[in-house]
Amino acid sequence: CSRRADALPHSSRLEAFARAGVLQTLRVAESRPSSVQRQLVQDLLRDDADELGRLLFPGSGGCQAIVLVCGAASMGAGVREVVAEVSAKRGSSIEALEQERRFVAELW
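A brief look at the structure comes next. Worth saying up front: this structure is predicted, and the values here are computed from it rather than measured. (Residues numbered from 1 in each chain as written. Predicted model: local features only at pLDDT ≥ 70, side-chain atom pairs only at ≥ 80, totals over all residues. Heavy atoms only, no water.)

## What about the overall build of the protein?
When you go through the protein residue by residue, the secondary structure sums to six helices and two strands. The order of α-helices and β-strands along the protein, N terminus first, is α-α-α-α-β-α-α-β. Buried residues in the protein amount to 24% of all 108 residues. Taking as baseline every contact in the protein between residues at least 6 positions apart, the subset at least 24 positions apart corresponds to 56%. A total of about 7,300 Å² of accessible surface is found on the protein, and carbon and sulfur atoms cover 50% of it. (Helix = DSSP H or I, 4+ residues; strand = E, 2+ residues; numbered from the N terminus. Buried < 20%, exposed > 50% of the residue type's maximum accessible area, 1.4 Å probe, protein only. Contact = heavy atoms within 4.5 Å. Areas by Shrake-Rupley, 256 points an atom, 1.4 Å probe, with all protein chains shown as cover.)

This is how it looks when you write it as structure tokens:
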């Protein structure tokens, strides 16, 4: 989101889920923060690439994650690039994830 206070839908519910342990991690990227350094979604995903890989490709019997991306085309392209890198390291591809509907992007 541009600014957490302005644009994070359902922020109070998401933060409550994190406090209750329903969400293991809640990381918010702000492209136009008022007081902290700018963070982009793709940068946070790159920082968490190992965890993203484990979630997307958990091995036998694991539940496979789905990545849903909604937002600006430039952000979506950056996210797609990171997911493609993670997929390649795991012996797969972004195209395979798209075909399986495990990577879906709605961008403008």
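## Looking at the nonpolar core
With 13 residues, the main nonpolar core has Leu56, Val83 and Phe103 as its most contacted residues. The greatest single-element share of this core, amounting to five residues, is contributed by helix H5 (residues 73-89). Apart from residues no more than four positions distant in its own chain, Leu56 is found in contact with Gln64, Ala65, Val67, Val83, Leu97 and Arg102. (Core = buried A, V, L, I, M, F, W, Y, C linked by side-chain atoms within 4.5 Å.)

## Structural notes on the pattern of salt bridges
Within the structure shown, the criterion is met by five salt bridges. We note a salt bridge from Glu81 to Arg46, for which the minimum N-O separation is 3.5 Å. Here the residue Glu81 occupies a position in helix H5, and Arg46 occupies one in helix H3 (residues 41-47), the gap between them amounting to 35 residues. For Glu81, a relative accessible area of 45% gives the class partly exposed. Owing to a relative accessible area of 34%, Arg46 belongs among the partly exposed residues under this scheme. Note that Arg102 is salt-bridged to Glu100, the shortest N-O span being 2.8 Å. Residue Arg102 is classed as buried on the basis of its relative accessible area, which comes to 7%. (Salt bridge = Lys/Arg side-chain N within 4 Å of Asp/Glu carboxyl O.)

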